[in-house]
Amino acid sequence: MLFLLVASIATLSALRIRSESIRMELIERFINNRRQNRDYKALFDRSVTKTFTITFTQEAFDALILNMEEYFALYGTYRDNTMQPVDVTYRDSLGNAFTLLEVGFRTKSNTTRNLPMTTNWSGRKIWHQTSFQLQFDATLDYPAGTNEYEILRQREAFDLAQLNFEYASAYEGNFDNALITEAYAQGLLRDAGVVAQNASYGLVYLVVGEVMKGFGIYTFVEPIDKTFLNRHFKPDAIAEFGDLYKATDVDDVKAYLNLPIGQRIGINQNPLNIRYLFALQNNTENGLRTHHDNLERLIETVADPATTDRKLLEVLDVESLLQMLAIQFLIGNTDDFRFNGNNYYIYFEVYTDRAVLIPFDFDNSLGYGRSQDGTDRYTVDWDVFTDRDEANALVNRILSIPAFAARYLELLETYATTLFDYAPFAAEVQALKNAYETILIEEDHLGAQVIHARNAAWYFEAKRETVLESIAAHRDAD
Amino acid sequence: MIRKPLLALVFLLCVFLASCAVTTSQTITTPTTTTTSSDPTASTTTTTTTSAPAEASYDALFDNTNFKRFTIRFSMANFNKLIEDMENYFDAFGSYRDNTIQEVDILYEDGRGAAVELYEVGFRTKGNIFSRVLPIVRNEQGETIGYQQVSFQLEFNETFRHPEASTQYKELKNRMMFDLEQLNFKFIRAFDSAAVTELVAFDFYREIGLIAANTSLAIIYFDLEGVIVPYGLFSVIEPIDDEFVKRYFGKDEFGNMGDLYKCVWQNFGPADLKNDLNPDEIGVSDYMAGYRMTYQLRTNKNKSDHSVFKNFLQKLNAKTVPNYASVLSQIIDMDSWLKALAMGFLVGNPDDYRSDANNYYLYFYPLSDGLYQAVYLPFDNDQALGVGWNPFGNYGIDLNVWNYQPAQQWIGSSSDLPMAYNILAISSYRTQYENYLLAYSDPQTGVFAYQRFYEEYVVARDLYEYELNLMNHLGLQNFSLNDRSMPAEQYFEQKIQSVRTQIGNARS
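About the cut-offs
- Residue numbers run consecutively from 1 along every chain, following the written order of its sequence.
- Numbering of ligands from 1 and lettering of chains from A proceed in the order in which they are written.
- For a predicted model such as this one, the threshold for reporting local features is a pLDDT of at least 70, and the threshold for listing and counting side-chain atom pairs is 80 or more; totals across whole chains, interfaces and linings nevertheless cover every residue.
- Only hydrogens and water are set aside; all other atoms, that is, all heavy atoms of the structure, feed into the side-chain values.
- Among buried residues, the Ala, Val, Leu, Ile, Met, Phe, Trp, Tyr and Cys ones that are joined through side-chain atoms within 4.5 Å form a nonpolar core.
- Each residue gets one of three labels from its accessible area relative to the maximum for its type: buried under 20%, exposed over 50%, partly exposed in between, using a 1.4 Å probe on protein chains only.
- Secondary structure elements follow DSSP: runs of H or I of four or more residues count as helices, runs of E of two or more count as strands, with numbering from the N terminus.
- Contact criterion: two residues are considered in contact whenever any of their non-hydrogen atoms come within 4.5 Å of each other.
- Patches here: salt-bridge-free residues with over 30% relative accessible area, like charges joined within 9 Å, nonpolar side chains (Val, Leu, Ile, Met, Phe, Trp, Tyr) joined within 5 Å.
- Residue-level accessible areas treat just the shown protein chains as cover; the underlying method is Shrake-Rupley with a 1.4 Å probe.
- We count a salt bridge whenever a side-chain nitrogen from Lys or Arg sits within 4 Å of a carboxyl oxygen from Asp or Glu.
- These domain boundaries are the output of an automatic or database domain assignment.
- Simply put, the buried area is the total loss of 1.4 Å probe accessible area from both parts when two parts are fitted together.
- In the analysis that follows, any N or O atom pair within 3.5 Å is treated as a polar contact, provided that within protein one partner can donate a hydrogen and the other can accept it, and provided that, for residues neighboring in sequence, both atoms belong to side chains.
- Just so you know the grouping, Ala, Val, Leu, Ile, Met, Phe, Trp, Tyr, Cys and Pro go in nonpolar, Asp, Glu, Lys and Arg go in charged, and all remaining residues, Gly too, go in polar.

S.K.: Help me out: how do you make sense of the nonpolar core in this one?
M.R.: Soluble, globular proteins show a tendency: their nonpolar side chains are buried together. Within the largest apolar cluster, 107 residues are counted, with the highest numbers of intra-cluster contacts made by B:Leu273, B:Phe312, B:Leu362, B:Leu385 and B:Met419. The leading source of residues in this core is helix H9 (residues 334-347) of chain B, at 10 residues. Beyond its immediate sequence surroundings of up to four residues, B:Leu362 is in contact with B:Asp259, B:Leu260, B:Tyr261, B:Cys263, B:Leu273, B:Phe309, B:Phe312, B:Ala374, B:Val375, B:Tyr376 and B:Met419. The next biggest cluster of nonpolar side chains, apart from the first, holds 88 residues, and it includes A:Tyr344, A:Ala416, A:Leu440 and A:Val467.

S.K.: Whenever I open this one, a nonpolar patch on the surface confuses me. Can you help?
M.R.: Residue and element names in this part refer to chain B. Together, Tyr-365, Leu-367 and Leu-371 make up an exposed nonpolar region whose accessible area comes to about 220 Å². Residue placement: Leu-371 occurs in the loop between strand E13 (360-366) and strand E14 (372-378). A relative accessible area of 39% places Leu-371 in the partly exposed class.

S.K.: Any chance you could explain the domain arrangement of chain A here in plain terms?
M.R.: Many authors give the size of an interface as the accessible area that is lost as the parts come together. All names here are of chain A. Domain assignment breaks chain A into domain 1 (32-227) and domain 2 (234-420 + 456-477). Domain 1 and domain 2 are separated by 27 Å when their C-alpha centres are compared. Residue-level contacts link 29 residues of domain 1 with 29 residues of domain 2. Roughly 2,600 Å² is buried in total at the junction of domain 1 and domain 2, and carbon and sulfur atoms are behind 61% of that figure. Considering only the surface of domain 1 that becomes buried against domain 2, Tyr-171, Leu-188 and Ile-224 emerge as the three largest contributors, covering 24% of it. Joining domain 1 to domain 2, the criterion identifies 0 salt bridges. Joining domain 1 to domain 2, the criterion identifies 11 residue pairs in polar contact (both at pLDDT 80 or more). For the side of domain 1 that touches domain 2, the secondary-structure elements that each account for two or more residues are helix H3 (58-75) and helix H5 (181-191). By residue class, the composition of the side of domain 1 that touches domain 2 is 14 nonpolar, 9 polar and 6 charged.

S.K.: Please clarify how the interface of chain A and chain B should be interpreted in this entry.
M.R.: Tallying the contact residues gives 49 residues for chain A and 44 residues for chain B. Here chain A packs against chain B, burying approximately 3,500 Å² in sum over the two surfaces, 50% of which is carbon and sulfur. Its largest share of buried area at the contact with chain B, chain A owes to A:Trp121, A:Glu172 and A:Glu442, together 20% of the area lost on that side. Between the two partners, chain A and chain B, sit 3 salt bridges. A salt bridge links B:Asp105 to A:Arg124, with the shortest nitrogen-to-oxygen separation between them at 2.9 Å. At the junction of chain A and chain B, the tally comes to 15 residue pairs in polar contact (both at pLDDT 80 or more). Listing elements by their share of the side of chain A that touches chain B, those giving two or more residues are strand E1 (50-56), strand E2 (84-92), strand E8 (199-208) and helix H13 (422-442) of chain A. Considering each element in turn, the side of chain A that touches chain B owes the most residues, 9 residues, to H13(A). Split by residue class, the side of chain A that touches chain B holds 16 nonpolar, 20 polar and 13 charged.

Below, the structure written as structure tokens:
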């Protein structure tokens, strides 16, 4: 009898231990123990070739499409952010290869967000490139408090909680055959000293059930989130950061830092398709916050004719802004803060409340894509001080101050003569071509398959020349 | 009746044979594809060994030495819908000019090795009251007993019923092929056994520096769910639309372009450019209303108030003002217009502005000071160079260089065509026009030369005649320089002689 009791206890213990062991194995599969900083560097090293393979179950893929279609039926846009679980395998030419299980996947962006698959008139399944985001820290459907939830909530990959994937969309029927435009432009910004995202590129495959589809070359872009802030700014004593706003045009209303403020600032409510020109990204007080003192003060200070130069320097990182204006003028993206009140973040430093502008979205740059220059010369002929600045109160104000205008010209000249050069761009396009073009063609990837530097030689040379001429003309006039 | 799979097999075999028969440099091959996934991460120094696939490029499309073939795939439902819509339109308005668009898939192949499929392309028939017919032939019982050629248009950027902002809408709206949003296909008329008449006529305009549609040839198949219809040889013609304006004229700093009008003889009469405009003659045509405007706005449809055009008419017709010649030079791109008048006279299209107040576009090019200059853009040259409609007799060879009566009495007299005859009444312009005529018809250096026609003819014949015969295509199968309304060489010789003699006599 005693033997039976002991045996039973031993068996139960063994079962419990085995059960715990299995459970730990189940949980451990979510853990990413890799060296994050090393992976971050590899990911954003543009000389390293890399692929992401993203595997959906058929059920998850169908749910992704269904959710997007339902959102479209309600709001006329696909901006549904419902997360679906995917497995992600990363491989690079440094020998790194690993798989992360149950990563969150959602589509992203406004103009480049697509259904990844549609069915056409003849019943044919059509794949479509779409921009998307992987959320390594997505907790999916695991209840709060479970081990899975806690592990996933803190999971990172590449030293990032999330990673954005953007494809080079066609403009007026033509692909950007250079394919590096976004990543290269972001690199120029960082080289110029601007706080900007890290970006790189590589191949993406989607696997749905038994089907694998080459989704083409994507740009991998570091999100502007708490991880990003931690990389570039100091937090306060309790590791909190200042307010971060994402500024984008909404329904063709530009997100200039102009009066009136009205109802332009708020917290987006994605499920209801409610979006603000200035959408608070953090410190939201569980979505209930209604005061936006720093941003309102910034707008009012800029608008106030009595504001002194010194006051401007208090509320705004002017040097950073001038750097951004100068390098962006060379990059020639007109869908930006300066010319379109779009595609930037405003961060208020935690101790000083001083604003720093952080630009994003550079796929239409460097002589490619949609431009406000209707002549199809991609701003090459624009004066460095253009009348178009009159619509932008902040730029108009800053560049009307002689000292700041002189510094802007100085930065422009420095960047034009040191950073802004076609040769490295061409070399990088050639490297991309060598690494990927054969595969793109043979595997019939989506997007551009033939890689070349398109009109970039002309753009770089003509832009630099006209900018230097414009600088000289203004200095002569002074 | 041949069973469909067998027919398809025979078709594919024949097409293969036909492809092999094309000269060696023109052999069409289908690119092989592989599903094997390669690993780009294996090495950072991977070298490219696969050559890029031939592209369906604009240049390849309009390279006349490049063999081209389009296969247009309909579902039977869509093909029947196309016919039903055309018949309903006929019942309502007495013509088949229904522009309802049907979905097709297309396969483009060319002699450079391109083989490009494009799905969900828009298809509609094209042509005027007389030339637009059903693509099928019915017997008296209404049964389909065959097919017939009709001109058509492919619309690569058609969005069908997809809602705006949907993935399909965004992708289709933004889509181009050959760097074009649309492409026109015009069947070769039975009377044009040389096949290249329209192509060469357009090329003449382009070679003297005028802006005119790019043109080439292609062989067409319809694929009706496996039933292959060898649909014949067609001219492929660049459409004159906003893309055309952008390509040739550009846009201003703010992305604006001028107003473009298609000017054709329609319900309200000839497009004579007299200053007696009926309000219903000008605007954006709505084909479902059953009639077309004479002056059809093709750009700035939502913002133009037609004032530029009306102002142009007013000034063109105010010939009593003291400085009229100067006014004309301000409102018309005079040099290009005088060139067009000269080349038009040589080409001898009786259905153009000067002869018939028909078939041209006017683009109002914005000048820097807020003014506009009209640029004349010819189109529809299939009846020219000695073939087709012959209202003047002898294909217009003997027409007076300076003045002749219009092709149709409803127009009135030559003085009812102000853009031609108000200009030619001014001696300096008339002299310039004569000089262009002499230059273009110069036996040694002139652009207007039979040799050019002959060379294009030989190229086209060698590329297409074999397959047209092999597959028993509709329309033209056997090429001939002489078995046309008038032998081509005769037209060129006599036209050149007539023009040079008239001017020579006048000047001596």
